[in-house]
Amino acid sequence: VVGGSVGSSHGEKFEKKGDLLEPGSLWGYPAKHPHYAWAGTEEGILQVQFTGPGGIDYINPADDPRKR
C-alpha cells in the first residue's frame, strides 16, 4: 500500500471483511488465487508487482475496466 488505506481478502465473491491495510503494508497471493481489494473512505494507492509472464484475470469479465 503506497497511500490511503486498502482492504484485501480472497475468494470469488466480493465481501468487505477484515482490517484495512495502511501505507507500507504488503500482502501476497499465489498465481491464479482469486482475491480482491477495496479502498477505505479515502483514495487507496497500490503498487502491483508480479513475476512474468502475468496479468490480471477477472472472475466476472463484466468487471474488467479494459472492456468498457
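Just above sits the structure.
Residues numbered from 1 in each chain as written. Predicted model: local features only at pLDDT ≥ 70, side-chain atom pairs only at ≥ 80, totals over all residues. Heavy atoms only, no water.

**Student:** Got a minute to help me understand the overall build of the chain in this structure?
**Tutor:** In terms of helices and strands, the chain carries zero helices and two strands. The C-alpha extent of the chain, read off along each of the three principal axes, is 25 × 25 × 25 Å. Expressed as a percentage of its 68 residues, the buried residues of the chain come to 16%. The contacts in the chain between residues at least 6 apart in sequence include a share of 47% that link residues at least 24 apart. (Helix = DSSP H or I, 4+ residues; strand = E, 2+ residues; numbered from the N terminus. Buried < 20%, exposed > 50% of the residue type's maximum accessible area, 1.4 Å probe, protein only. Contact = heavy atoms within 4.5 Å.)

**Student:** Mind showing me how you'd approach the packing of aromatic side chains here?
**Tutor:** Any aromatic ring pair is given by two values, namely how distant the centres are and how the planes are angled relative to each other. Overall, the coordinates contain three aromatic pairs when judged by the stated rule. One aromatic cluster is present, built from ring pairs that chain together Phe14, Tyr36 and Trp38. (Phe/Tyr/Trp six-rings, centres within 6.5 Å; stacked < 30°, edge-to-face > 60°.)

**Student:** I keep staring at the layout of surface pockets and nothing clicks. Help me out?
**Tutor:** Each pocket or cavity is described by its volume, and for the largest pocket that value is around 1500 Å³. Forming the walls of the largest pocket are 38 residues, and the residues nearest its centre are His33, His35, Val48, Gly55 and Ile56. Here the residues of the lining of the largest pocket sort into 21 nonpolar, 12 polar and five charged. (1 Å grid on protein atoms, 1.4 Å probe; cavity = no way out; pocket = protein on both sides within 12 Å on 5 of 7 lines; lining within 4 Å. Points joined across faces, edges and corners; volume = space filled by probe spheres on them. Nonpolar A, V, L, I, M, F, W, Y, C, P; charged D, E, K, R; others polar.)

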